[in-house]
Amino acid sequence: MQIKQLSLTNFRNYKEAQIPFYEGIHILHGANGAGKTSILEAIHYLALTKSFRAGNDKYLIHDNESFLRVAGVFKNQQGREFTTAIAYSRKEGKQLSVNQQKASPFSEYIGEVPLVLLHPADLNLSQGGPVQRRRFLDVLLSQSSKLYLHNLIQYNRSLRQRNLLLQADHSDARLVSSWEENLVNFGVQIIQKRQEAVQILSKQVKQFYQRISRSDDKAKILYRSNVADADGANLAEKYRTLFKQKYSRERDVRSTIVGPHRDDLLLLINGRPVKSHASQGEHKSLVIALKLAEYHFLKEQQQQPPILLFDDLFGELDAGRIRQMLRGLSQIGQVFVTTTSRTFFDKVRQIDAPTYYYQVDDGRISRAA
């Protein structure tokens, strides 16, 4: 997948910009706060219809303007070009269009532009809470499977309804249980898809970790479900049984405690939990291995290399880890790198690919020689 041109109107600190891109590596360099990450954010916005920094679209609007618009011309592996645009206004909300045709629901579009992002917050994947690791799986699988995204949306809708009933002062057990079959049906499919993906990812993580860490240590990831046993047999029946067993507790805490929204990824090195036993260097190496596994998983599922976004990692990672990370990207597609140092990337990169430099300065971007 390749983005050929990005157009911005009232997005972050960009009043107006049109930026051509090419196949290969793009180095966006400039001072902190100049607007480098905003370019990556705009590409992410077009791919996943969401920012990776702001929880609300209104925070993306430039100064006191009333609207924003982001558009991109994309070219897929088969050579087909298409244009995606997202417009958001404070009054009318957000609209997505593909080739000037309104796209709704947004979920039908997700996956058309496969993308992998690695930025400083991702380095907490191995140290943070389960929410971040579940989000990692959900973003990956939503891009690779429209059915998974459909099941996830339906599951979350049913979960919200059941939680609302549990939060009522006098909850009706029959009404609460009426949502359980929906949760079982969609939840089982979510769990099974996550389990399948984690088995594939774990094999790749093991290989990449040894390469990045330059050691024989064995990294592994496991999907830890509060519903499924290790063998995964009779999953739906176990799910229904747990609802009966946990109902009293759920009524006390006024929340559903059974299901994939409470699951986690267990990250291990030599059989020991990374969260409690790993050094900072091991944490970073494992996260990089996990993101490389994400890249290759998505590439295989989509039959084309995802767009890669590397945001401000040179201040977080040493040259050795960056070099090994880049070596893991065989047959690399289109890459975007933000950095305050124009020359640092040249010192560590191991990829023979065209490289383009862009100077970013206070909401202005220009191609540099």
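Further up the page is the structure itself.
Residues numbered from 1 in each chain as written. Predicted model: local features only at pLDDT ≥ 70, side-chain atom pairs only at ≥ 80, totals over all residues. Heavy atoms only, no water.

### A word on the environment of D352
Next, step 1: Its location among the elements puts D352 in the loop between α10 (344-348) and β14 (355-360).
Next, step 2: Separated by 174 residues in the primary sequence, D352 and S178 place their C-alpha atoms 58 Å from one another. (Helix = DSSP H or I, 4+ residues; strand = E, 2+ residues; numbered from the N terminus.)

### Observations concerning the environment of I269
Next, step 1: Relative to the assigned elements, I269 resides in strand β10 (residues 264-269).
Next, step 2: Other than its neighbours up to four places away in sequence, I269 contacts Y209, D217, K218, A219, V274 and E282. (Contact = heavy atoms within 4.5 Å.)

### Describing the packing of aromatic side chains
Next, step 1: One pass over the structure, following the stated rule, counts six aromatic pairs.
Next, step 2: Both rings, one in F21 and one in Y358, keep their centres 5.6 Å apart while their planes meet at 65°; by these two values the pair is edge-to-face. Linking F21 in the loop between β2 (14-20) and β3 (25-29) with Y358 in strand β14, this pair joins segments that are 337 residues apart in sequence. Y358 carries the same exposure label as F21, and that label is buried.
Next, step 3: Seen in terms of ring centroids, Y22 and Y356 are 4.8 Å apart; in terms of plane orientation they differ by 35°. Their pairing is tilted. With a gap of 334 residues between them, Y22 in the loop between β2 and β3 and Y356 in strand β14 connect regions that are remote in the sequence.
Next, step 4: Ring pairs connect the aromatic residues F21, F336 and Y358, which therefore count as one cluster. (Phe/Tyr/Trp six-rings, centres within 6.5 Å; stacked < 30°, edge-to-face > 60°. Buried < 20%, exposed > 50% of the residue type's maximum accessible area, 1.4 Å probe, protein only.)

### Comments concerning the side chain of H26
Next, step 1: Here H26 is to be found in strand β3.
Next, step 2: Residue H26 is classed as buried on the basis of its relative accessible area of 0%.
Next, step 3: Within the structure, the side chain of H26 is placed 3.5 Å from the backbone oxygen of G24, a separation counted as a polar contact. (Polar contact = N/O pair within 3.5 Å; in protein donor to acceptor, adjacent residues only side chain to side chain.)

### Things to note about the sheet that holds strand β15 (residues 365-368)
Next, step 1: On the basis of which strands lie adjacent, the open sheet formed by six strands has the order β8-β12-β13-β3-β14-β15 and mixed pairing. Each edge of the open sheet is held by one strand with a lone partner, namely β8 (115-118) and β15. Here the strands of the sheet are splayed against their neighbours by 20° on average, with no regard to which way each runs.
Next, step 2: As defined by bridge partners, β8 adjoins strand β12 (residues 307-311) across four bridges and the pair is classed as parallel. By the bridge assignment, L115 is partnered in β12 with I307. (Pairing = 2+ DSSP bridges. Axes fitted to C-alpha atoms, helices over the stretch in contact; angles between N-to-C directions.)

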